[in-house]
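Take a look at the letters that make up each chain.
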Amino acid sequence: MKAVRSVAERPFSLILLNNSIYAKGFNLPLNIISVDPTIFTGIVTHFCILNPSIMYTPKQYKMNEHGNIISFMKAYSFATIITVADNIPTATHLPFVVNEAESGIILSAHFAKANTQWHQLTNGNKVLVIFGEPHAYISPKHYDSEINVPTWNYVSVHTYGKAEIIADEYEGIRELEKMINEYEQAFMQQWKNIPMDVKLKLFKGIVPFRIVVNDIQAKEKLSQNKNYNERQRIIDALGKSNHSSEREIATYMRKKQ
């Protein structure tokens, strides 16, 4: 994609989500048919495409707002990484750090070295990372008509990209420190007191990596196909649930009412 320039020049990213282009740094969606390149400034540094053909997502369930997608990924960052080798899929559950950079969305994490799945991150293989946590059973008792069946509400984000293994010890330790800052900043002082030779020994037992995301599919199935009163009854019921996941779904649904 060639560079386009205007009065003030600075790098930006283009993200294509459901037939709209989002220019990071401008915070406005641009209809794909009426895009005027002269309004852009700087150089395109990243182009991320949402491909609706991979994760089954009916139109009313598509999650379009880029900021909401990133917020969800950060809130539910204990995700599942899936790779395929010799037609055999392998999955591992890992905590991720989600960052936005000029190059796009960056996911970072690390495997235990004893987990041989890390070998599948080489040779430019494409990987899938699934972020998904809140979900809830939806009883048909909430609907106006008795001619209905149960279903399930949930939110999920699928991200694709190519992984890069971080071989340098000191760079890998810096990645670990990013994770500490993300999950327990108070531990950082204790971490700083650990001798470097001990840290380097710890590093030998892990394989840190990062993924540059080049494809995102996001879905929020929140009873959008039901009427207002039916959705409100679901929200009221889930909001009183003893299960935190169901209460979280009620919160997501309430935001869309």
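Residues numbered from 1 in each chain as written. Predicted model: local features only at pLDDT ≥ 70, side-chain atom pairs only at ≥ 80, totals over all residues. Heavy atoms only, no water.

## Let's talk about helix 2 (residues 169-183)
For step 1, the next point in the chain: Between the first and last C-alpha of helix 2 there are 21 Å, a value that for 15 residues agrees with the 21 Å anticipated at 1.5 Å per step.
For step 2, the next point in the chain: Buried residues of helix 2: Gly172, Ile173, Glu175, Leu176, Met179 and Ile180, and no others. The buried residues of helix 2 occupy an angular sector of 155° when projected down its axis, which confines them to one face.
For step 3, the next point in the chain: Looking at the buried side of helix 2, the elements it contacts are strand 6 (88-95), strand 7 (97-101), strand 8 (104-112), helix 3 (188-192), helix 4 (196-203) and strand 11 (206-221).
For step 4, the next point in the chain: The backbone nitrogen of Tyr170 lies 3.2 Å from a side-chain oxygen of the residue at the head of helix 2, namely Asp168. (Helix = DSSP H or I, 4+ residues; strand = E, 2+ residues; numbered from the N terminus. Expected span 1.5 Å × (residues − 1). Buried < 20%, exposed > 50% of the residue type's maximum accessible area, 1.4 Å probe, protein only. Arc of directions from axis to C-beta. Contact = heavy atoms within 4.5 Å. Polar contact = N/O pair within 3.5 Å; in protein donor to acceptor, adjacent residues only side chain to side chain.)

## Focus: the pattern of salt bridges
For step 1, the next point in the chain: According to the stated counting rule, one finds seven salt bridges in the structure shown.
For step 2, the next point in the chain: Here Glu164 and Arg210 are joined by a salt bridge, their closest N and O atoms 3.3 Å apart. With Glu164 in strand 10 (residues 151-165) and Arg210 in strand 11, this pair connects stretches of sequence that are 46 residues apart.
For step 3, the next point in the chain: A residue is classified by how much of its surface remains accessible, and Glu164, at 42% relative accessible area, is partly exposed.
For step 4, the next point in the chain: Between Lys256 and Glu220 there is a salt bridge, and its shortest N-O distance comes to 3.1 Å. Taken as a pair, Lys256 in helix 6 (residues 244-256) and Glu220 in strand 11 lie far apart in primary sequence, 36 residues in all.
For step 5, the next point in the chain: Counted as one network, the salt bridges with shared partners bring together Glu164, Glu171, Glu175, Lys178 and Arg210. (Salt bridge = Lys/Arg side-chain N within 4 Å of Asp/Glu carboxyl O.)

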